[in-house]
Amino acid sequence: MHRRHRPYWLSTGTETCLICTHAYVLQMEYRCVACDRGLCEQCAVIVRPALAVFCVECHTVEAAS
């Protein structure tokens, strides 16, 4: 029997979200267009139709303006 590596999306992850501090995999990272923070998929706010990605903090400021 030969052993295969687990797919990257099933691994624990080495990056830490700067909003919620949970670990995520680098390939699944989102970047805020306003502050360029690395985010996990749970903390990313995607604004349509432009598909712009904001962190929760920058989206709150953007929505208030």
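All of these numbers come straight from a predicted model, not from anything done at the bench.

Procedures and definitions
- Residues numbered from 1 in each chain as written.
- Predicted model: local features only at pLDDT ≥ 70, side-chain atom pairs only at ≥ 80, totals over all residues.
- Heavy atoms only, no water.
- Salt bridge = Lys/Arg side-chain N within 4 Å of Asp/Glu carboxyl O.
- Buried < 20%, exposed > 50% of the residue type's maximum accessible area, 1.4 Å probe, protein only.
- Helix = DSSP H or I, 4+ residues; strand = E, 2+ residues; numbered from the N terminus.

Asker: Please clarify how the pattern of salt bridges should be interpreted in this entry.
Answerer: Think of it this way: side chains of opposite charge can pair up when their charged atoms draw near. Counted under the stated rule, the structure contains three salt bridges. Here Glu29 ties to Arg31 by a salt bridge, and the two come within 3.4 Å at their closest N and O atoms. A relative accessible area of 24% places Glu29 in the partly exposed class. Put simply, Arg31 and Asp36 hold a salt bridge, and the shortest N to O gap is 3.3 Å. Under the relative-accessibility criterion, Asp36 is labelled partly exposed at 49%. Overlapping salt bridges, with partners in common, bring together Glu29, Arg31 and Asp36 in one network.

Asker: I would appreciate a short explanation of unusual backbone geometry in the present structure.
Answerer: If a residue is not glycine, its phi is most likely negative; likewise, a peptide bond is most likely trans. Arg48 connects to Pro49 through a cis peptide bond whose omega is 10°. In this fold, Pro49 is placed in the loop between β5 (45-47) and β6 (52-54). In this structure, Thr21 takes a positive phi of about 65° despite not being glycine. For Thr21, the location among the structural elements is in the loop between β1 (15-16) and β2 (23-24). Since its relative accessible area comes to 59%, Thr21 is described here as exposed. With phi around 60°, Leu51 is a residue other than glycine that occupies positive phi space. Tracing the chain through its elements places Leu51 in the loop between β5 and β6.

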